[in-house]
Amino acid sequence: MMKAVFFLYFLFLSSLGLHAQSSIKLYAGKATGSEEWTWTEKVITPSPGNRILFDVSEPELLHFPAPKDNANGTAIIVAPGGAFHILSIDNEGIRIAEWLNGLGISAFVLKYRLVKSKTDNPFETLMPLMQDKDKLDSINAPVVEMAKNDGIEAMKYLRTNADELGIDPQKIGFMGFSAGGTVTMSVALSAPEEWKPDFLAPVYLYRKAVIGSLMPQKKTPIFVAVASDDELDFMPHSVSLYQDWFAAGHPSELHVYENGGHGFGFAKKGTSSDQWTINFEHWLRIRGLIDKP
């Protein structure tokens, strides 16, 4: 029976095109706060190569290990965005992980808990709410807390099992896009010091929903990226975060691209935001997180 269940789960991963070596459950049983959740995650494909997950109820990590011939010990947890209603699993998750693998980095895509969709098309509910961010924040608040906890559990798992995973426990970063950026910074500002990431990369984050105020005691480098023409007006969120991080004495870098809109992720759009992966790779090299040429 267990073999049949495993085979079906393998087929599910394959149907998503998830080339992860393994899926890592973050909790032994039901996660605190969602013990009564009985639904299972679903996937839709609104456009070719752009799969979207929703109704995520069991948080987990999709492990993309770096190839052994160029692994450098650095690891990054990648949190896709989607306003805590969906996860842009391709554009802000899998493709990012595969790119990081090419840099010798082991990647872990975080599937954190989401608000339950009322229909099989989560956009029907989400799109109107995007016009009323206060209402959206109110609906999301309990799940943002859960997602933050999922992120902290991910940090605990990586740091505790670093030897087994072949990573350096002092070179674990956290990267997030939009709502994933909210999760990234909530982990950085809420986790106990021993579980805080070693470096951060929030990309067009939504700062208003960030939980926590516990600045890291250790120097924690941050790479912040956003487009000036972000349709959701998130550009000031990134600028203010950079200013506060810099004022606190942490190594800080900010890239505000003239164009690219919201949600550029790994997509090449012919805009100045296409440069962000090049800038991030250079930043990683300068910081010694990947090998220099």
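Up top is the structure these notes are about.
(A) Representation of the pairing of strand β7 (residues 106-111) within the structure. The element β7 is largely enclosed, with a buried count of 6 among its 6 residues. Alternating residues of β7 divide into Ser106, Phe108 and Leu110 and Ala107, Val109 and Lys111, and every residue in both groups is buried. In the sheet, strand β4 (residues 60-64) pairs with β7 via 5 bridges, with the strands oriented antiparallel. Following the sheet pairing, glutamate 60 is matched in β7 by lysine 111. Summarising the sheet, strand β5 (residues 75-79) and β7 pair through 4 bridges and their orientation is parallel. Following the sheet pairing, alanine 75 is matched in β7 by serine 106.

(B) Spotlight on the pairing of strand β9 (residues 199-203). Across the 5 residues of β9, 5 count as buried, placing the element largely inside the fold. Burial of β9 is two-sided: the residues Phe199, Ala201 and Val203 facing one way and the residues Leu200 and Pro202 facing the other way are all buried. As judged from the 5 bridges shared by strand β8 (residues 172-177) and β9, these two strands associate in the parallel manner. Opposite glycine 176, over in β9, you have proline 202 as the bridge partner. Assessed by its sense of winding, the connection that carries the chain from β8 through helix α6 (residues 179-190) to β9 is right-handed. Alignment of β9 against strand β10 (residues 222-227), held across 2 bridges, turns out to be parallel. Bridging from a neighbouring strand, leucine 200 pairs with isoleucine 222 of β10.

Definitions and cut-offs
Residues numbered from 1 in each chain as written. Predicted model: local features only at pLDDT ≥ 70, side-chain atom pairs only at ≥ 80, totals over all residues. Heavy atoms only, no water. Buried < 20%, exposed > 50% of the residue type's maximum accessible area, 1.4 Å probe, protein only. Helix = DSSP H or I, 4+ residues; strand = E, 2+ residues; numbered from the N terminus. Pairing = 2+ DSSP bridges. Right-handed = clockwise from strand over helix to strand, strands pointing away.

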